[in-house]
Amino acid sequence: MKNKMKRFLSDTDIQKIFSKNNLGTVSKSKQLSGGEFNSVYKVVTDSGEYVIKIAPDNASVLTYEKNIAGSEKFALEKLGNNPYAIVPRVIASSDSDDKFDYLIIEFVEGKMLLNQRVGKENYNGIMFELGKAIAEFHNIQCDSGFGYLQNGLKQTWREAYFDMINNIIEDGKKANCKIPYSDEIMRMINKCEFALDEVKAPSILHFDLWQGNIFIKDGKLFAVIDFERTILGDPLGDFIHLNYLPPFDVDKNKSLIDGYNSVANNKLSFNRNELIRLYLMRIYLGLVACVEPYYRFSKFNVMFYARKSFAKKFMSVTLNELKKLIETE
């Protein structure tokens, strides 16, 4: 998707990077469509097939997106030690001498779930396996802290969560973004922050598990890609991307939850406090969705207004669900 953040790499640029990393002579390179952050190329050399992801310049990104390639590398390398985590293998990455901030990973076959027609029974099977994969991500916990690696980890999830909230709000102010329901958002966060203390250890979150990042092959789950939004935090953050606008429905997500709990070290019951934590993560995602269009698109781009409209609806649903949960106390 075209936007004002993506970089263009010439064939010469790509060959220099692949030569530096001893990955052979490039015979073909193609920029891949989709995605709004990194520029992504499929590259074929005499040593194999790869994907290279090039991050935008740090001056044009949100606070959590600065030096983001290192965060994705961390997650993929951590998860790559688990044979059940089904993630691409890291091949190489940039260093301080490089012109571009990049990550080279193995090329993943298969098709995006987004583009496939899947029957209900088969879909439920894919969701069960996805649930198991998410649990494997979360089973590999880190003791270094909470939050975004690139922004400095915090000792508690509550501290990290408020740091994330404050940073995205500041990003919005810098871009003259008027955040809808801003006062209500902060009131609701302050009412619900008690639930954040239930998160005692940081899990590796993908935090972008929508159907475009889920690959299937021969009708089965094959891989999960794009860990650039990785957070060390609350595992419930990985249950909010498959159905953005509707309220989270435990029954409709039964296959996903059953798969998760079949292998998770810490099982989830989706009780009241866990649902509060889930919607707190949706508030954060909603704030990101509100601010992102100001960094991604020109105000002459129809996507700018479409994303603003979506973010407002998303936040409205999220706040309403949190109100219901608080009223049941």
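Calculation notes
All residue numbers refer to position in the chain's written sequence, counted from 1. In keeping with the model being predicted, local features are shown solely for residues with a pLDDT of at least 70 and side-chain atom pairs are shown and tallied solely at 80 or more, while totals for entire chains, interfaces and linings include all residues. Note that the side-chain values use all heavy atoms of the structure and ignore hydrogens as well as water. Angles here are taken between N-to-C directions and fall from 0 to 180 degrees, while the axes themselves are lines fitted to C-alpha atoms, restricted in helices to the stretch in contact. Strands here are runs of E lasting at least two residues and helices are runs of H or I lasting at least four, both read from the DSSP assignment and numbered beginning at the N terminus. Here is the rule for angles: anything less than 35 degrees is roughly parallel, anything more than 145 is roughly antiparallel, 65 through 115 is roughly perpendicular, and the remaining ranges are oblique. Crossings are assigned a handedness: left-handed for a near helix turned anticlockwise from the far helix by less than a right angle, right-handed for a clockwise turn. Basically, the charged four are Asp, Glu, Lys and Arg, the nonpolar ten are Ala, Val, Leu, Ile, Met, Phe, Trp, Tyr, Cys and Pro, and anything else, Gly included, counts as polar. Two strands make a pair as long as DSSP finds a minimum of two bridges between them. Contacts are assigned to residue pairs with any non-hydrogen atoms lying within 4.5 Å of each other. Aromatic contacts are taken between Phe, Tyr and Trp rings whose centres are within 6.5 Å, Trp giving its six-membered ring; a plane angle under 30 degrees counts as stacked, one over 60 as edge-to-face, and the others as tilted. Relative accessibility thresholds used throughout: buried, under 20% of the residue-type maximum; exposed, over 50%; partly exposed, between the two (1.4 Å probe, protein chains only). In our convention, an over-ring charge means Lys NZ or Arg CZ found within 6 Å of a ring centre and within 35 degrees of that ring's normal.

K.L.:
How do you make sense of the packing of helix α7 (residues 272–296) against helix α8 (residues 302–327) when you look at a structure like this?
P.N.:
In a packed pair of helices, the relevant descriptors are the angle between the two axes and the axis-to-axis distance. For the pair α7 and α8, interaxial distance at closest approach is 9 Å and the crossing angle is 160°. It follows that α7 is roughly antiparallel to α8 by the angle criterion. The chirality of how α7 crosses α8 is left-handed. Here the contact of α7 with α8 is built from residues that sort into 20 nonpolar, two polar and five charged.

K.L.:
What should I look at first to understand the sheet that holds strand β8 (residues 214–217) in this one?
P.N.:
The strand order across the open sheet formed by three strands is β6-β8-β9, and the pairing between neighbours is antiparallel. Of all strands in the sheet, those with a lone pairing partner are β6 (111–112) and β9 (220–224), marking the two edges. Both β6 and β8 contribute to a ladder of two bridges, which runs antiparallel. Bridge assignment links M112 to a residue of β8, and that residue is F215. Along the sheet, helix α3 (residues 120–139) contacts β8 and β9; its crossing angle with β9, the most-contacted strand, is approximately 30°.

K.L.:
How should the packing of aromatic side chains be read in this particular structure?
P.N.:
We describe a pair of aromatic rings using the distance from one ring centre to the other and the angle between the two ring planes. Going through the model one piece at a time under the given rule, you end up with 15 aromatic pairs. Ring geometry for Y64 against Y148: centres 5.0 Å apart, planes inclined by 20°, an arrangement best described as stacked. In this pair, Y64 is assigned in the loop between β3 (48–54) and α2 (68–79) and Y148 in the loop between α3 and α4 (157–174), connecting sequence segments 84 residues apart. Take Y64 and Y148: they sit in the same class, and that class is buried. Both rings, one in Y161 and one in F162, keep their centres 6.0 Å apart while their planes meet at 90°; by these two values the pair is edge-to-face. Just as Y161 is buried, F162 falls in that class too. Through a chain of ring-to-ring contacts, the aromatic side chains of F146, W157, Y161 and F162 assemble into a single cluster. A cation over a ring is seen here: K42 above F107, with NZ or CZ 4.1 Å from the ring centre.

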